[in-house]
Amino acid sequence: GILYNHESPLRRPDFVSQKIVRGAVDIRKGSTSKLVLGDLSAVNDWGWAEDTVDAMIRIVRLDAPDDFVVATGEVHTVADFVEAVFARAGLDWTRHVEEDRSMITRKRPPLIGDSSRVRERTGWQPTVGFEQMAGLLWDAAWAAAGDR
């Protein structure tokens, strides 16, 4: 399987998804007032890790091996991700997020997957949508922040 971004609360803090979630937590807690990110217009195909695992299980249960792309096929910008997380946090992202394009170390083309083969052959489809995924990541980070 060729796996596109699959997000979960276990993602390392240096990934942009976790930078966004942790930044929103810090802002909500009052320990900072700004989150600085690179290119807010960069696009990605973000999916939920449990959906990706479900696809992998379905793939290995097939009678014959094949190549499969596991992705949502949906285009979302970093700004979309920020907006969804900050909305869940009850924050106006436009007041707290700054773009600093000098942070961009490399420009890459948009990564949007075509998962039609895995869908056709296994019946797989994502069960967690983009907004729900952002909310789940926020909820987990906010709950964990109570322990810090």
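That block above? That's the structure.
A brief structural summary. (Residues numbered from 1 in each chain as written. Predicted model: local features only at pLDDT ≥ 70, side-chain atom pairs only at ≥ 80, totals over all residues. Heavy atoms only, no water.)

1. Here we look at the side chain of S115
- Summarising the element assignment, S115 is placed in the loop between β8 (97-99) and α5 (116-122).
- Every residue in contact with S115, bar those within four places of it in the chain, is listed here: V69, A71 and W124. (Helix = DSSP H or I, 4+ residues; strand = E, 2+ residues; numbered from the N terminus. Contact = heavy atoms within 4.5 Å.)

2. Some words on a nonpolar patch on the surface
- Where nonpolar side chains cluster on the molecular surface, the patch consists of L3, V53, M56 and I57 and spans about 280 Å² of accessible area.
- Broken down by element, the nonpolar patch gets its largest block of residues, three residues, from helix α2 (residues 49-60).
- Among the secondary structure elements, V53 is positioned in helix α2. (Patch = residues over 30% accessible without salt bridge, like charges linked within 9 Å, V, L, I, M, F, W, Y side chains within 5 Å. Areas by Shrake-Rupley, 256 points an atom, 1.4 Å probe, with all protein chains shown as cover. Salt bridge = Lys/Arg side-chain N within 4 Å of Asp/Glu carboxyl O.)

3. Structural notes on the layout of surface pockets
- By volume, the largest pocket amounts to about 830 Å³.
- Lining the largest pocket are 26 residues, and of these V16, A42, V78, R106 and R108 sit closest to its centre.
- Mapped onto the lining of the largest pocket, the elements with two or more residues apiece are α1 (16-29) and β4 (43-44).
- When residues in the lining of the largest pocket are grouped by element, the largest group, three residues, is from α1.
- In terms of residue class, the lining of the largest pocket is made up of eleven nonpolar, six polar and nine charged. (1 Å grid on protein atoms, 1.4 Å probe; cavity = no way out; pocket = protein on both sides within 12 Å on 5 of 7 lines; lining within 4 Å. Points joined across faces, edges and corners; volume = space filled by probe spheres on them. Nonpolar A, V, L, I, M, F, W, Y, C, P; charged D, E, K, R; others polar.)

4. A short note on the environment of R12
- Examined against the element boundaries, R12 turns out to sit in the loop between β2 (6-7) and α1.
- A polar atom in the side chain of R12 sits 3.0 Å from the side chain of D14. (Polar contact = N/O pair within 3.5 Å; in protein donor to acceptor, adjacent residues only side chain to side chain.)

5. So, empty space enclosed by the protein
- Across all of its chains, the model carries one cavity of 30 Å³ or more by this definition.
- In this model, the largest cavity occupies a volume close to 70 Å³.
- Lining the largest cavity, in full, are Y4, N5, D45, G47, W48, D51, T52, V70, A71, T72, W124 and P126.
- Listing elements by their share of the lining of the largest cavity, those giving two or more residues are β5 (47-48) and α2.
- Here the residues of the lining of the largest cavity are counted per class, giving six nonpolar, four polar and two charged.

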